[in-house]
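Structural description and commentary
Here's the letter readout for the chains.
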Amino acid sequence: MMRIEASFLAFFFLLPLAVADLRVGFYSASCPKAEQIVQQVVQKKFSSDRSITAALLRMHFHDCFVRGCDASILIDSTNKKKSEKTAGPNLTVRGFEVIDEAKKALEAACPSTVSCADIITLATRDSVVLAGGPSYNSPTGRRDGLVSNPNDVNLPGPSFSVSQALQSFTAKGMTLNDMVTLLGAHTVGVAHCSFFEDRLSNFQGTGSPDPSMDPALVTKLKKICGGPNDPTAFLDQNTSFAFDNQFYNQVNLKRGVMQIDQELGVDKSTAGIVSGFASNGGRFSQSFATAMLKMGSLQDGNAGEIRKNCRAFN
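Residues numbered from 1 in each chain as written. Predicted model: local features only at pLDDT ≥ 70, side-chain atom pairs only at ≥ 80, totals over all residues. Heavy atoms only, no water.

If you look the protein chain up in an unreviewed UniProt entry, it shows as Peroxidase from Rosa chinensis. According to UniProt, the comment filed for the protein chain under the heading Function (unreviewed entry) is "Removal of H(2)O(2), oxidation of toxic reductants, biosynthesis and degradation of lignin, suberization, auxin catabolism, response to environmental stresses such as wounding, pathogen attack and oxidative stress. These functions might be dependent on each isozyme/isoform in each plant tissue." The UniProt entry for the protein chain carries the following text under Catalytic activity (unreviewed entry): "2 a phenolic donor + H2O2 = 2 a phenolic radical donor + 2 H2O". (UniProt positions renumbered as here; feature names shortened; annotations may be inferred.)

Here it is, written out as structure tokens:
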């Protein structure tokens, strides 16, 4: 397992939305065991459910790409006010109980000190390490947002083309390489059949499977998706729970499950990046750590609070 040291300052000038006071060890004086407490909670969960890595990665991405990394995705809806949780892309986001458990332990140790936004960031990093991915020092010091509106949720979809998806990433100051790298998180992910079922039998209204998908995979996924309640399938059919570069090898073998995944291997702008990551796991690990630090620094200004309960504003 490689350890990657990266400086937050290297990204500050690239990201106009970045918050300048994020720094590694932000809680070293105010809550010295903060990161250790989060790590212990994640370790406990991972020991019984290795899929938590994919769940936390998705939560982190869905949080940061809406209003910056401000934990707005954690807010529960009320009778009077709907939250981001009710938006279509977030209905299958899970792992909230891990954040709740970490927050409870942190409130007992250091009341009103550690933000829920930092808990998401740290928990995601720790879960990636447990799955065999890169370890990196993550800056902290985020504040929890004061807005959670389902209408703000506008995320790249599973059937997007590379150019469509790239628009979402460049709007956040991210590059093409960042996008291909972050989609590599699908190496531990799953998707509900409804996100890709059209590729199995009626791709773009043709009445036939997507010709860019390996026929053997089509057959396999049809069996999985024949069940009730919108089943899920692994996005990396090879090493489904290991955080490695096998996702890219699968894409090169025409075994990308979601359309956007396979597009990465077909589009001229991204095919070379995919091949590079497929042949060099170390390069992918380093690029992933860098991209996660960059995404984790997305913030909508300095306004915010330290929530006592991650599911509700103070």
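Following the structure, the description resumes.
Their axes nearest at 9 Å, the elements helix α3 (residues 52-67) and helix α5 (residues 116-130) cross at an angle of 145 degrees. Handedness of the crossing formed by α3 with α5: left-handed. On α5, the residues touching Thr53, Leu56, Leu57, Met59, His60 and Asp63 of α3 are Ile120, Thr121, Ala123, Thr124, Ser127 and Val128. A per-class count over the contact of α3 with α5 returns six nonpolar, five polar and one charged. (Axes fitted to C-alpha atoms, helices over the stretch in contact; angles between N-to-C directions. Helix = DSSP H or I, 4+ residues; strand = E, 2+ residues; numbered from the N terminus. Left-handed = near helix turned anticlockwise from the far one by under 90°. Contact = heavy atoms within 4.5 Å. Nonpolar A, V, L, I, M, F, W, Y, C, P; charged D, E, K, R; others polar.)

Turning our eyes to something else, we now look at the nonpolar core. Formed by 84 residues in total, the largest nonpolar core has its most connected members in Met59, Leu74, Ile99, Phe196, Phe288 and Met295. The two domains that each donate at least three residues to this core are domain 1 (33-155) and domain 2 (162-295). Look past the residues within four positions of Met295 in its chain and what remains in contact with it is His60, Phe61, Cys64, Phe65, Cys69, Met174 and Leu182. (Core = buried A, V, L, I, M, F, W, Y, C linked by side-chain atoms within 4.5 Å. Buried < 20%, exposed > 50% of the residue type's maximum accessible area, 1.4 Å probe, protein only. Domains from an automatic or database assignment.)

Following the criterion strictly, the structure yields 12 aromatic pairs and no others. Each ring, one from Phe234 and one from Phe241, has its centre 5.2 Å from the other, and the planes form 80 degrees; the classification is edge-to-face. Owing to a relative accessible area of 32%, Phe241 belongs among the partly exposed residues under this scheme. Taken together, a centroid distance of 5.2 Å and an interplanar angle of 55 degrees make the contact between Tyr248 and Phe277 tilted. You can see Tyr248 sitting in helix α10 (residues 246-252) and its partner Phe277 sitting in helix α12 (residues 268-279), a full 29 residues away along the chain. Accessibility assignment for this pair places Tyr248 and Phe277 in one class, buried. Grouped by ring-pair contacts, the aromatic residues Phe243, Phe247, Tyr248, Phe277, Phe284 and Phe288 constitute a single cluster. Over the face of the ring belonging to Phe96 we find Lys85, whose NZ or CZ atom lies 4.2 Å from the ring centre. (Phe/Tyr/Trp six-rings, centres within 6.5 Å; stacked < 30°, edge-to-face > 60°. Lys NZ or Arg CZ within 6 Å of the ring centre and 35° of its normal.)

Sites flagged by UniProt as "binding site: heme b" (unreviewed entry) map to His186. Mapped onto the elements of the fold, His186 is located in the loop between α7 (176-183) and β3 (190-192). Judged by its relative accessible area of 17%, His186 falls in the buried class. Setting aside chain neighbours within four positions, we find His186 in contact with Leu235, Asp236, Phe247, Met258 and Asp261.

Here we take up unusual backbone geometry. Despite not being glycine, Asp230 shows a phi value in the positive range, around 50 degrees. As for its placement among the helices and strands, Asp230 is situated in the loop between α9 (215-224) and β4 (232-234). Here Lys254, not a glycine, exhibits a phi torsion of approximately 65 degrees, which is positive. Structurally, the position occupied by Lys254 is in the loop between α10 and α11 (259-266).

Partitioning the protein chain into domains gives domain 1 (33-155) and domain 2 (162-295). Computed from C-alpha atoms alone, the centre-to-centre distance between domain 1 and domain 2 is 23 Å. With 23 residues of domain 1 at the interface, the matching set in domain 2 holds 18 residues. Interface area for domain 1 against domain 2, summed over the two sides, is near 1,700 Å², with a carbon-plus-sulfur share of 77%. At the junction of domain 1 and domain 2, the tally comes to zero salt bridges. If you look at where domain 1 meets domain 2, you find two residue pairs in polar contact (both at pLDDT 80 or more). For the side of domain 1 that touches domain 2, the elements supplying multiple residues, two or more each, are α3 and α5. When residues in the side of domain 1 that touches domain 2 are grouped by element, the largest group, nine residues, is from α3. (Buried area = accessible area lost by both parts, 1.4 Å probe. Salt bridge = Lys/Arg side-chain N within 4 Å of Asp/Glu carboxyl O. Polar contact = N/O pair within 3.5 Å; in protein donor to acceptor, adjacent residues only side chain to side chain.)

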